[in-house]
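# An overview of the molecular structure
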Amino acid sequence: MRTLLVGLGALLVASTTALGPARAEDSVPLRVGRVSLAEHGAGYRPTGSDWSRAAVNLPVATGSALRTGGNGGAEFRLGDTIVALAGGSEAELTRLDPHIVRIALPHGRLAVAVRTLADQDNIEIALPHGTVRLLQPGCYDIAAGSDTAPARVAVLDGGAEFVGGGIDSTIAAGSTARLDGAASIAASIEPAKPDSFDEAMQARVAEDETIASRIHLSPELAGLAELDGAGEWRAVDGYGVAWFPEAIPDGWAPYRDGVWRWVPPWGWTWVDNAGWGFAPSHYGRWARIDDRWAWFPGKAVAEPVYVPAVVAFVGTPGIGLSYADAFSPAIAWFPLGPGEVYWPGDIRDVDLIRRMNQADIADPSAIRLADNGGPPPEIVTADYQNRRFASAVPRNAFLAGQQVASALLSIPSARLNWAPLILAAPFPPAPRPVAVAAAPANAAVAAAAPRSAVVAAARAAVPALAAAAANNRTHAATRHAAAAVHVAVLRRSGVQEHSARPPAHLRVLASLSTARFPTGTAQHPAAHRHLAALHGRMR
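These figures come from a predicted structure and were not determined experimentally. Sequence order as written defines residue numbering, which begins from 1 separately in each chain. The predicted origin of the model limits local features to residues at a pLDDT of at least 70 and limits the giving and counting of side-chain atom pairs to 80 or more, whereas totals for whole chains, interfaces and linings rest on all residues. Note: side-chain values were computed over all heavy atoms of the structure, leaving out hydrogens and water.

In this text, helices come from DSSP runs of H or I with a minimum length of four residues, and strands from runs of E with a minimum of two, each type numbered from the N-terminal end. What the protein chain contains, in helices and strands, is 13 helices and 28 strands. Just so you have it, the protein chain exposes about 22,800 Å², and 52% of that area is on carbon and sulfur atoms. Note that accessible areas follow from Shrake-Rupley with a 1.4 Å probe, and for residues the cover is restricted to the protein chains shown.

Shown next, in the form of structure tokens:
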């Protein structure tokens, strides 16, 4: 049966990954920062999108921007670097690479604290009439200037240079450069005079010096600064070092206290409500250890790769998850566990996928693509340890970005266990209306779901497989798939109706009714013989 499933899995992954065009590696930001403060009136603009309300734990990358209202501030962190915006300011990350940070400050004021700066690192702030380059670790206060006030660069600690308007000026620690003019700039140096804005930044820098999580995590892992006061680190036999959150409510599970938000270029992104929720939501894996949730960050790597949510979804692509007594489908997901592969739904670059898993998989080089460019069957049909902790909300609540905790649905575990795996969120933020098959109407039908689900899926599979058989490029996979369906149906009576966890081959079969297959003109008699035998068995 396992051999026959290879062909079936190859066809099934067409549905698990049919979520849009594949993205090239250069369109996916590999280095990401985090919004760490968003006071009243703060706005956020992801790459290539529009302004919206800013919130703590939103990601920032090349092209992201923050702005503040007149009385509130905002802050984002890029590894060991902190960037704080004063009221009435706007800043855009024009470039964020492993060794390059470029920030545009068209108006307003920001403070920058740099903890480490290697020889190959470059941090620049572009003002309307020139560029500030930070030369050393330290604290800096930079104002863009306006029609009525000059630009200023204060170096409280460290060293900087300003280039623009015909000058190249070095600014030493303890000094402020006043920059008068536009096309032609005159620089004057005066003593730096820190105010409450600068003092608040210096206090945050002092707090960061005592962060114990740096022992276990790369300094480039966004969100590590928030972990110390919210949990404890412990070694776990067989797993390695883990972080255990404290003071969490009963019934809490990862990816349950927060919202889903569409953030380009990643798509659906988890935004956790907890201040500490960024790192454990976008890196590492979760597991239950001694009746507690534990987050395993994996191996320390120099350049951690951000992902929008380390989860897998279940249901039907483009629809979601149908369930009993529902007027519309649900969206359901669960956290990935240690050793489980994260697979982005719309990326076909196997090297990038390996990088996304490099800290959490023993041998990332073993990750491969299926023949169609999607995930291989061993990933689609795997037994995921946290599937039983899946969270589900109505589809409309998901799309509207509602709080998950207040919209949670109670869906029988058997339904979640049977549902096919989707390796990315089911659809973009504004899907067209779709028809959803009716769920079992009463308890008697629901109790018989394992058997009826197999029969219904196999019946639905017949026309889909017939379409696939018409393509001479896929006839071998079609023969295997048809045979797998045939054998599974013959054996359906061996599935116990009270089983909460059906075998993997029948879970794949149940998902076959949602698969999409290519069509063509060539005919293949062997595939049709399998389909005819299957169709006769279903009568």
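This part takes up the side chain of Ser213. Inspection of the secondary structure puts Ser213 in the loop between α2 (196-208) and β19 (231-236). The class of Ser213 is buried, set by a relative accessible area of 0%. Only protein chains enter the accessibility calculation, which uses a 1.4 Å probe. A residue is then buried if its area is under 20% of the maximum for its type, exposed if over 50%, and partly exposed in between.

This paragraph deals with the pairing of strand β18 (residues 185-191). Side chains on a regular strand alternate between the two faces of the sheet. The pairing criterion for strands is at least two bridges between them, as found by DSSP. As paired strands, strand β17 (residues 175-181) and β18 are joined by 7 bridges and run antiparallel to one another. When the bridges of β18 are listed, Ala177 appears paired with Ile189. Connecting the antiparallel pair β17 and β18 is a turn made up of 3 residues.

Our focus in this paragraph is the sheet that holds strand β13 (residues 138-143). Across a sheet, strands are paired by hydrogen bonds formed along the backbone, either parallel or antiparallel in direction. Strand order in this open sheet of 9 strands is β4-β1-β6-β7-β10-β13-β14-β17-β18, and the pairing throughout is antiparallel. A single partner strand is all that each edge strand has here, and the edge strands are β4 (59-60) and β18. In this sheet, β4 lies alongside strand β1 (residues 33-38) in antiparallel orientation, the contact comprising 2 bridges. The residue of β4 that forms the bridge with Gly33 is Val60. Here, two residues are considered to be in contact whenever any of their heavy atoms come within 4.5 Å of each other. Orientation is described by lines fitted to C-alpha atoms, with helices fitted over the stretch in contact, and by angles between N-to-C directions that extend from 0 to 180 degrees. Strands β6 (74-78), β7 (81-85), β10 (109-114), β13 and β14 (151-157) of the sheet are contacted by α2, whose axis makes an angle of about 25 degrees with β10.

Okay, the sheet that holds strand β27 (residues 391-394) next. Taking strand neighbours across the sheet as the criterion, the 4 strands line up as β27-β26-β25-β28 in an open arrangement whose pairing is antiparallel. With one partner strand each, in any of the chains shown, β27 and β28 (421-422) form the two edges of the open sheet.

On to the pattern of salt bridges. The working definition used for a salt bridge is a side-chain nitrogen of Lys or Arg within 4 Å of a carboxyl oxygen of Asp or Glu. According to the stated counting rule, one finds 23 salt bridges in the structure shown. Arg115 is the partner of Asp80 in a salt bridge, and the nearest nitrogen-oxygen pair spans 3.7 Å. Remark: Arg115 occurs in the loop between β10 and β11 (122-127) and Asp80 occurs in the loop between β6 and β7; sequence separation between them is 35 residues. On the basis of relative accessible area, Arg115 is assigned to the partly exposed category, the value being 32%. Asp97 is paired through a salt bridge with Arg95; the nearest N and O atoms lie 2.4 Å apart. For Arg95, a relative accessible area of 31% puts it in the partly exposed group. Several salt bridges converge on common partners, so that one network encompasses Glu75, Arg77, Arg204 and Asp208.

What follows concerns α2. The end-to-end C-alpha distance of α2 is 19 Å, a good match for the 18 Å that 13 residues give at a rise of 1.5 Å each. Turning to α2, its buried residues are Phe197, Asp198, Met201 and Asp208. Buried residues of α2, viewed axially, fall in a sector of 95 degrees; they line one side. Along α2, the residues that are exposed and aim more than 90 degrees away from the buried face are Ser196 and Glu207. Tucked into the core, α2 has its buried residues touching β6, β7, β10, β13 and β14. The definition of a polar contact used here is a pair of N or O atoms within 3.5 Å, where within protein one atom must be able to donate a hydrogen and the other to accept one, and adjacent residues in sequence count solely through side-chain atom pairs. The residue sitting at the N-terminus of α2 and contributing the capping side-chain oxygen is Asp195; that oxygen lies 3.1 Å from the backbone nitrogen of Phe197. Any helix carries an expected span of 1.5 Å times its number of residues minus one. As used here, the arc belongs to the directions running from the helix axis to the C-beta atoms.

Attention shifts here to the nonpolar core. The term nonpolar core refers to a set of buried residues drawn from Ala, Val, Leu, Ile, Met, Phe, Trp, Tyr and Cys, joined through side-chain atoms within 4.5 Å. If you look at the biggest cluster of nonpolar residues, it comprises 113 residues, and the most contacted ones within it are Ile125, Trp260 and Trp333. The element best represented in this core is strand β26 (residues 330-335), accounting for 5 residues. Among residues more than four places away in sequence, those in contact with Ile125 are Ile103, Leu105, Val112, Gly130, Thr131, Val132, Leu134 and Ile142. By size, the runner-up hydrophobic cluster in this structure holds 10 residues, among which are Ala86, Ala111, Leu156 and Met201.

Tracing the backbone through its elements, the reader meets Asn386 in the loop between α5 (377-380) and β27. For Asn386, a relative accessible area of 2% gives the class buried. Only 2.9 Å separates the side chain of Asn386 from the backbone oxygen of Trp286, close enough to count as a polar contact. When sequence neighbours within four positions are dropped, the list of residues in contact with Asn386 reads Trp286, Ala287, Trp293, Phe334, Pro335, Leu336 and Gly337.

Our focus in this paragraph is the pairing of strand β16 (residues 167-172). As judged from the 6 bridges shared by strand β15 (residues 159-164) and β16, these two strands associate in the antiparallel manner. Bridged to Gly164 within β16 is Ile167. The antiparallel pairing of β15 with β16 creates a hairpin that spans 2 residues between the two strands, and Gly165 there sits at a positive phi of about 60 degrees.

A word on unusual backbone geometry. Of the consecutive residues Pro264 and Pro265, the connecting peptide bond is found in the cis state with omega at 0 degrees. With respect to the element layout, Pro265 can be found in the loop between β21 (258-263) and β22 (267-272). Positive phi, close to 80 degrees, is recorded for Asn57, a residue that is not glycine. Within the element layout of this structure, Asn57 appears in the loop between β3 (52-53) and β4. Asn57 gets classed as buried once you look at its relative accessible area, which sits at 1%. Of note in the backbone geometry, Ala247 takes a positive phi value of approximately 60 degrees without being a glycine.

Read these as layout, nothing more, since geometry by itself doesn't imply function.
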